[in-house]
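Listed below are the residues making up each chain.
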Amino acid sequence: MNKTVSDTFETQLRARRDELTERLHRHRGGARGRAEAAADKREQAGEAGLTPDDAFDLGGALGEREAAELQAIERALQRVADGSYGLCLQCGAAIPAARLHAQPTAERCVSCQAAAE
Ligand SMILES: [Zn+2]
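Residues numbered from 1 in each chain as written. Predicted model: local features only at pLDDT ≥ 70, side-chain atom pairs only at ≥ 80, totals over all residues. Heavy atoms only, no water.

Participant: Kindly report on the pattern of salt bridges, identifying the contributing residues and their values.
Facilitator: Pairing is possible between side chains of opposite charge, provided their charged atoms come close. Taken as a whole and assessed by the stated rule, the structure comprises eight salt bridges. Taking the shortest distance from any N to any O, the salt bridge between E19 and R16 comes out at 2.7 Å. One end of the pair, E19, and the other, R16, are both in helix α1 (residues 3-28), three residues apart, so they sit about a helical turn from each other. You can call R16 partly exposed: its relative accessible area is 23%. Accessibility expressed as a relative area gives 40% for E19, which makes it partly exposed. Shared partners join several salt bridges into a network, and the residues in it are R16, E19, R23, E66 and E69. (Salt bridge = Lys/Arg side-chain N within 4 Å of Asp/Glu carboxyl O. Helix = DSSP H or I, 4+ residues; strand = E, 2+ residues; numbered from the N terminus. Buried < 20%, exposed > 50% of the residue type's maximum accessible area, 1.4 Å probe, protein only.)

Below, the structure written as structure tokens:
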């Protein structure tokens, strides 16, 4: 996958991650001021993202489905970082861009996914 294309997905993944983490912070920090929340947001936007383990701990506040999504996003961002993003975890084939557009966290090509289900 070329760099520009993976950058596009990275931006999309980060935006979704921010959305989920922001929801989590609203859930936790009800009485906190707006400035403080904004500072948190800047912090989260940095490179020090959540690890998959952190995301797992968030399960209680976010709900199982969203916590799983957050973990999938963290794994996808990790693959962007190490250059394996967009490759099927199972067979190593390039996952079609259309599939990634529909689901940026896709980890398998269509046929491996079908075989796994
Ligand atoms: Zn595959």
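That was the structure; now back to the text.
Participant: How would you summarise the coordination of the zinc ion if you had to cite specific residues and measurements?
Facilitator: Those protein atoms acting as donors to the zinc ion are C88 (SG), C91 (SG), C109 (SG) and C112 (SG), and they sit at 2.3 to 2.4 Å. One chain supplies every donor to the zinc ion, and in sequence these donors are spaced C-x2-C-x17-C-x2-C. Judged by its relative accessible area of 46%, C91 is partly exposed. (Donors = N, O, S within 2.8 Å, 3.2 Å for Na, K, Ca; no water.)

Participant: Account for the confidence of the model for the chain, naming residues and giving values.
Facilitator: Caution is warranted with low-pLDDT regions, since their predicted coordinates should not be read in detail. For the chain, per-residue confidence averages 80 on the pLDDT scale, and residues scoring 70 or more make up 68% of the total. Within the chain, helix α3 (residues 52-57) has the poorest average pLDDT of any element, 55, and helix α5 (residues 64-82) the best, 93. (pLDDT = per-residue confidence, 0-100.)

Participant: Give a description of the packing of aromatic side chains that names residues and reports values.
Facilitator: Inspection of every chain in the model, using the stated rule, returns one aromatic pair. Relative to Y85, the ring of F9 lies with its centre 5.7 Å away and its plane at 45°, an arrangement referred to as tilted. Of this pair, F9 sits in helix α1 while Y85 sits in the loop between α5 and α6 (97-102), placing them 76 residues apart in sequence. With a relative accessible area of 1%, F9 lands in the buried category. (Phe/Tyr/Trp six-rings, centres within 6.5 Å; stacked < 30°, edge-to-face > 60°.)

Participant: Run through α5, naming residues and quoting values.
Facilitator: For α5, which comprises 19 residues, the first-to-last C-alpha distance of 27 Å matches the rise-based estimate of 27 Å (1.5 Å per residue) to within 8%. Taken together, the buried positions of α5 are occupied by E66, A67, L70, Q71, A72, I73, E74, A76, L77, R79 and V80. Just beyond α5, the residue with positive phi is G83, at close to 85°. (Expected span 1.5 Å × (residues − 1).)

Participant: Outline the environment of R79, supporting the account with residue identities and numerical values.
Facilitator: Mapping R79 onto the fold places it in helix α5. Taking the C-alpha atoms as reference points, R79 and E107, separated by 28 residues in sequence, lie 9.7 Å from one another. The contacts of R79, once residues within four sequence positions are left out, are S84, Y85, L89, T105, A106 and E107. Within the structure, the side chain of R79 is placed 3.3 Å from the side chain of E107, a separation counted as a polar contact. (Contact = heavy atoms within 4.5 Å. Polar contact = N/O pair within 3.5 Å; in protein donor to acceptor, adjacent residues only side chain to side chain.)

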